[in-house]
Amino acid sequence: MSTGPEPSAEEPGARRWEDRDTEPIPRARPTSSDADDYADADPYNDGAQSARLGGYGRDDYYVDEGPPTFTEDEFSGLRGGDSGPPVPPGSRMAPLDEEASRHAARYLFPTEKFRGEWKRHWIQLAKEGGIAVAATIAMGYIAGWLTKHNQTQLRTAVLVIWAIVILYCAWRVADWWYDRFILTNKRVMVVSGIFTRNVAMMPLLRVTDMKYVQSLTGRMFGYGHFELESAGQDQALRNIRNLPNPNELYLRIVEEMYEPEAVEARLGRAAGVEDDGT
């Protein structure tokens, strides 16, 4: 006996599929002679037995749904685009910056392609921050004690020293803000200095070895130190300390050195998505 759905009340022996959105297309009811032939050919054939009993078999109704269709979202994880290689799952590469800031753009020539810029990690200001906090606490305690003992001149001197310390820390913060690591398709650069500007660079073609070191505190707070080796003896850019997200930055530099086509393909896909407005 068939184990399919129960026949409908409208037509005894007929079956219907409740989970189908489209109406089934009935096949022609086999004749008794055909049913006998089916039964003789295959006694376990459910269609033959149902035909002999005057009903329909499990294949008597079918729905022509056409070829299967797939959406672009189902393929998004399998390919990286029409012009680029597949994107590996779990990649931590952040989107590339669209354009350089005004501070970095002045050091790029017209045919150079900007890839990104990074400020030093805030850990570089940990010492200055500790000095400012300690100086403020000490100033408050000493100034209060001097005021209590009517030492006005000494209190003024303490306030002046505290102001000098705070100005030094503020200058270090401003210097940190203008200190940038810049990556292009041709070179890496470090721009630093407020009053005296220093611009150090190294072409990517001359980089023979590169590594980054991430200490325990660096892994905890997300910073690392880079070391670049070049074919030349004199290197204007060798040790770069306290850069944020060193693993991502390392992948970007290596990709720019060995797979520049992949970078161009990713930028091309991003530009295409923006043009479509999606």
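Coordinates for the structure precede this section.
It should be emphasised that the depicted structure is a prediction, and the values quoted were computed from it without experimental measurement.

All right, on to the overall build of the protein then. Looking only at helices and strands, one finds nine helices and nine strands in the protein. Sorting the 278 residues of the protein into buried and exposed places 31% on the buried side.

Time to look at the packing of helix α5 (residues 126-148) against helix α6 (residues 152-178). Relative orientation of the contacting elements α5 and α6 amounts to 170 degrees, with a least axis distance of 10 Å. Considered as vectors, α5 and α6 are oriented roughly antiparallel to each other. Seen from α5, the contacting residues are Glu128, Ile131, Ala132, Ala135, Thr136, Met139, Ile142, Ala143, Leu146 and Thr147; seen from α6, they are Leu154, Arg155, Val158, Leu159, Trp162, Val165, Ile166, Tyr168, Cys169 and Arg172.

Here we come to unusual backbone geometry. Phi angles above zero are rare outside glycine, and asparagine 150 is one such case at about 60 degrees. Note that asparagine 150 resides in the loop between α5 and α6. According to the relative accessible area criterion, asparagine 150 is exposed, its value standing at 66%. Within the chain, asparagine 242 stands out as a residue other than glycine whose phi angle is a positive 60 degrees. In this structure, asparagine 242 sits in strand β9 (residues 239-244).

With that settled, consider the sheet that holds strand β3 (residues 114-119). The strand order across the open sheet formed by four strands is β3-β4-β5-β6, and the pairing between neighbours is antiparallel. Pairing within the sheet leaves two strands with one partner each, and these edge strands are β3 and β6 (198-203). Between one strand axis and the next, the sheet turns through 15 degrees on average, direction left out of account. In this sheet, strand β4 (residues 180-184) lies alongside β3 in antiparallel orientation, the contact comprising five bridges. Paired with glutamate 117 across the strands is isoleucine 182, a residue of β4.

The next point concerns the side chain of aspartate 175. Looking at the element boundaries, aspartate 175 is found in helix α6. Arginine 172 is the oppositely charged side chain nearest to the buried, salt-bridge-free aspartate 175, at an N-O distance of 4.2 Å. Apart from residues no more than four positions distant in its own chain, aspartate 175 is found in contact with Gly193 and Ile194.

Parameters at a glance
Residues numbered from 1 in each chain as written. Predicted model: local features only at pLDDT ≥ 70, side-chain atom pairs only at ≥ 80, totals over all residues. Heavy atoms only, no water. Helix = DSSP H or I, 4+ residues; strand = E, 2+ residues; numbered from the N terminus. Buried < 20%, exposed > 50% of the residue type's maximum accessible area, 1.4 Å probe, protein only. Axes fitted to C-alpha atoms, helices over the stretch in contact; angles between N-to-C directions. Parallel < 35°, antiparallel > 145°, perpendicular 65-115°, else oblique. Contact = heavy atoms within 4.5 Å. Pairing = 2+ DSSP bridges. Lys, Arg positive; Asp, Glu negative; His and termini not counted. Salt bridge = Lys/Arg side-chain N within 4 Å of Asp/Glu carboxyl O.

Keep in mind these numbers describe shape, not what the thing actually does.
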